[in-house]
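Residues per chain, in single letters:
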Amino acid sequence: MKGLELETEYGWYLDFVPALTLASSNAMSLFGLNRRLRGAIAGHLAAFEMTSSIPNSFYARGFRRLGFGEDVTYYFDEHVEADAVHEQIAARDLAGGLVESDPALLADVLFGAAAVLTLDAMMGQDQLSAWQDGRSALRDADPAAAAPAGALAGAALAAGVAP
């Protein structure tokens, strides 16, 4: 966040993100806070870990293309490699181990995986539509004051990338 000249205070951007952006985290919290939904949280986490390496590599490459350095790309680069290991652990040990020990949880594990994949697809479509329309996918939480643009917006504009 610092490397992008964005605000680092916890929760600062919360009013700017649409509900759909928070839905995956909220589902994860719902599943994780209710023991009866342990199969769903295992499926959610497994699917999330199994699908995160490729997007993280895209983020890192995109930031490099916009001229950002390792202070911005390190997190994403690190997660490309780490998540490749995490996906095996999440799929085999977490989700697979849970279903092996309690086969009745298979449907819940599949539900959790489907939930995160569906929510992420919906969010991705919403963001892509905003980009194609030349508008921000963020909410204007306070019409009188826009969120600070930071270095990312400046680099995108300089590179000729739509807002």
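Residues numbered from 1 in each chain as written. Predicted model: local features only at pLDDT ≥ 70, side-chain atom pairs only at ≥ 80, totals over all residues. Heavy atoms only, no water.

A. Summary view of the overall build of the protein. The helix and strand tally for the protein stands at 6 helices and 0 strands. Taken from the N to the C terminus, the helices and strands of the protein come in the order α-α-α-α-α-α. Counting every position in the protein, which comprises 163 residues, the buried fraction comes to 28%. Across the protein, contacts joining residues at least 24 apart in sequence account for 72% of those joining residues at least 6 apart. (Helix = DSSP H or I, 4+ residues; strand = E, 2+ residues; numbered from the N terminus. Buried < 20%, exposed > 50% of the residue type's maximum accessible area, 1.4 Å probe, protein only. Contact = heavy atoms within 4.5 Å.)

B. Seen up close, helix α1 (residues 19-32). For α1, built from 14 residues, the straight-helix expectation of 20 Å at 1.5 Å per residue is met to within 8% by its first-to-last C-alpha distance of 19 Å. Most pronounced at Ser25, the bend in α1 amounts to some 30°. The complete set of buried residues in α1 reads Ser24, Ala27 and Phe31. On its buried face, α1 sits against α2 (38-50) and α5 (106-132). (Expected span 1.5 Å × (residues − 1). Bend = angle between axes of the 7 residues up to and from the residue.)

C. Summary view of the confidence of the model for the protein. On average, the protein scores 87 in pLDDT, and the residues at 70 or more come to 86%. Looking at the elements of the protein, mean pLDDT is at its lowest for helix α6 (residues 150-158), recorded as 56, and at its highest for α5, recorded as 95. (pLDDT = per-residue confidence, 0-100.)

D. Geometry of the side chain of Ser24. Along the chain, Ser24 falls in helix α1. In contact with Ser24, not counting residues within four places along its chain, are His44, Val116, Leu119 and Asp120.

E. Summary view of the packing of helix α3 (residues 53-65) against helix α4 (residues 70-101). At a closest axis distance of 8 Å, the pairing of α3 and α4 adopts a crossing angle of 165°. Between α3 and α4, the crossing angle belongs to the class labelled roughly antiparallel. Crossing geometry of α3 relative to α4 is assigned as left-handed. In this structure, α3 contributes Ser53, Asn56, Ser57, Tyr59, Ala60, Phe63 and Arg64 to the contact, and α4 contributes Val72, Thr73, Phe76, Asp77, His79, Val80, Asp83, Ala84 and Glu87. Here the contact of α3 with α4 is built from residues that sort into 7 nonpolar, 5 polar and 4 charged. (Axes fitted to C-alpha atoms, helices over the stretch in contact; angles between N-to-C directions. Parallel < 35°, antiparallel > 145°, perpendicular 65-115°, else oblique. Left-handed = near helix turned anticlockwise from the far one by under 90°. Nonpolar A, V, L, I, M, F, W, Y, C, P; charged D, E, K, R; others polar.)

F. Fine view of unusual backbone geometry. The residue Glu5 is not glycine, and still its phi comes out positive at about 60°. By the element assignment, Glu5 lies in the segment before α1.

G. Spotlight on α3. With 13 residues, α3 ought to run about 18 Å at 1.5 Å a step, and its terminal C-alpha atoms sit 18 Å apart, in line with that. Every buried residue of α3 is listed here: Ser53, Asn56, Ser57, Ala60, Gly62 and Phe63. Just downstream of α3 lies Gly67, where phi reads positive at about 95°.

H. Here's a closer look at the pattern of salt bridges. Summed over all chains, the structure comprises 3 salt bridges. Between Arg64 and Asp77 there is a salt bridge whose closest N-O contact spans 2.3 Å. Taken together, the residues Arg64 in helix α3 and Asp77 in helix α4 connect sequence positions 13 residues apart. For Arg135, the salt bridge goes to Asp133, with nearest N and O atoms at 3.5 Å. (Salt bridge = Lys/Arg side-chain N within 4 Å of Asp/Glu carboxyl O.)

I. Highlighting the environment of Ala84. You can see Ala84 is positioned in helix α4. Overall, the relative accessible area of 35% leaves Ala84 in the partly exposed class. C-alpha separation for the pair Ala84 and Ser52, spaced 32 residues apart in sequence, amounts to 8.4 Å. Apart from the residues lying within four places of it in its own chain, the contact partners of Ala84 are Ser53 and His79.

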